[in-house]
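# Fold and geometry: a report
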Amino acid sequence: YIQQHKKLSATAADTSISLNCRDILLNRTFMTNTLAFFSFGYFVFFAITWFPGYLAKTYQLKLQEIGLLLIAPWATASLFILIGGFLSDWIWKQTESLRFARSYLIGMSQLLSALSLVPLLFLQDLNWVLFFLSLGTGFAFLPNASF
């Protein structure tokens, strides 16, 4: 029933999808999304393992203090996940382009995440460090809905 009533555009009807493993693995979109998701996973692992040790060694904080301080980056990540979903849908509605709404949003978010962590090389104030850790974590999680 669905197939009978489905309206296909000329381009959608003319395109064929190859299920050849080589074609799938060499597909540029597939490879780009795989790299982006790997980067996201790497950041999550980095955040979970590095943030506590960094704060403990650099600022001589106790585990309970670190736990309380690390609420900020993960709360920011939770908020940015929601914002990212709405932003991605809004971009899609405005541009009607999944590439802009998904792929470009993912790329820009990951770039902003990396740039947010650069100030950590130069800052000593714990408040600013937490701000940029939170910002970097938030931008890393922003495109989660797009994945």
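A brief look at the structure comes next.

Criteria and cut-off values
Along each chain, residues carry numbers from 1 onward, in the same order as the chain's sequence is written. Local features in this predicted model are restricted to residues of pLDDT 70 or higher, and side-chain atom pairs are both shown and tallied only at a pLDDT of 80 or more, whereas totals for entire chains, interfaces and linings draw on every residue. The basis for the side-chain values is all heavy atoms of the structure; hydrogens and waters are excluded. Per the convention used, a helix needs a DSSP run of H or I reaching at least four residues, while a strand needs a run of E reaching at least two, with both numbered from the N terminus. Residue exposure (1.4 Å probe, protein chains only): buried if accessible area is under 20% of the type maximum, exposed if over 50%, otherwise partly exposed. Only heavy atoms matter for contacts: two residues are in contact if any of them lie within 4.5 Å across the pair. Throughout this description, the term nonpolar core refers to a set of buried Ala, Val, Leu, Ile, Met, Phe, Trp, Tyr and Cys residues connected via side-chain atoms within 4.5 Å. Side-chain rings of Phe, Tyr and Trp, where Trp is taken by its six-membered ring, are said to pair if the distance between their centres is within 6.5 Å; with planes under 30 degrees apart they count as stacked, over 60 as edge-to-face, and otherwise as tilted.

### Some thoughts on the overall build of the protein
Of regular secondary structure, the protein possesses eight helices and zero strands. Along the protein, helices (α) and strands (β) appear in the sequence α-α-α-α-α-α-α-α when read from the amino end. Counting the 147 residues in the protein, one finds 30% classified as buried. If you take every contact in the protein between residues at least 6 apart in sequence, the share linking residues at least 24 apart comes to 67%.

### A word on the nonpolar core
In this structure, L55, L120, V129 and L133 are the most contacted members of the largest nonpolar core, which totals 20 residues. Contributing elements (two or more residues each) for this core: α4 (28–59) and α8 (126–141). In terms of residue count, the dominant contributor to this core is α4 (eight residues). With sequence-adjacent residues up to four places away left out, L133 is seen in contact with W50, F51, L55, P73, L117 and L120. If you look at the next biggest cluster of nonpolar residues, it comprises six residues, including F80, A101, L105 and L142.

### Focus on the side chain of T137
With respect to the secondary-structure elements, T137 resides in helix α8. When residues no more than four places from it in sequence are discounted, the contact partners of T137 are F43, F51, P73, W74 and A77.

### Points about the packing of aromatic side chains
Per the stated rule, a full pass over the model turns up 16 aromatic pairs. For the pair W50 and F51, a centre-to-centre distance of 5.9 Å together with 65° between the ring planes defines the contact as edge-to-face. Under the relative-accessibility criterion, W50 is labelled partly exposed at 30%. Ring geometry for F131 versus F132: centroids 5.1 Å apart, planes at 80°, classification edge-to-face. For F132, a relative accessible area of 17% translates into the label buried.

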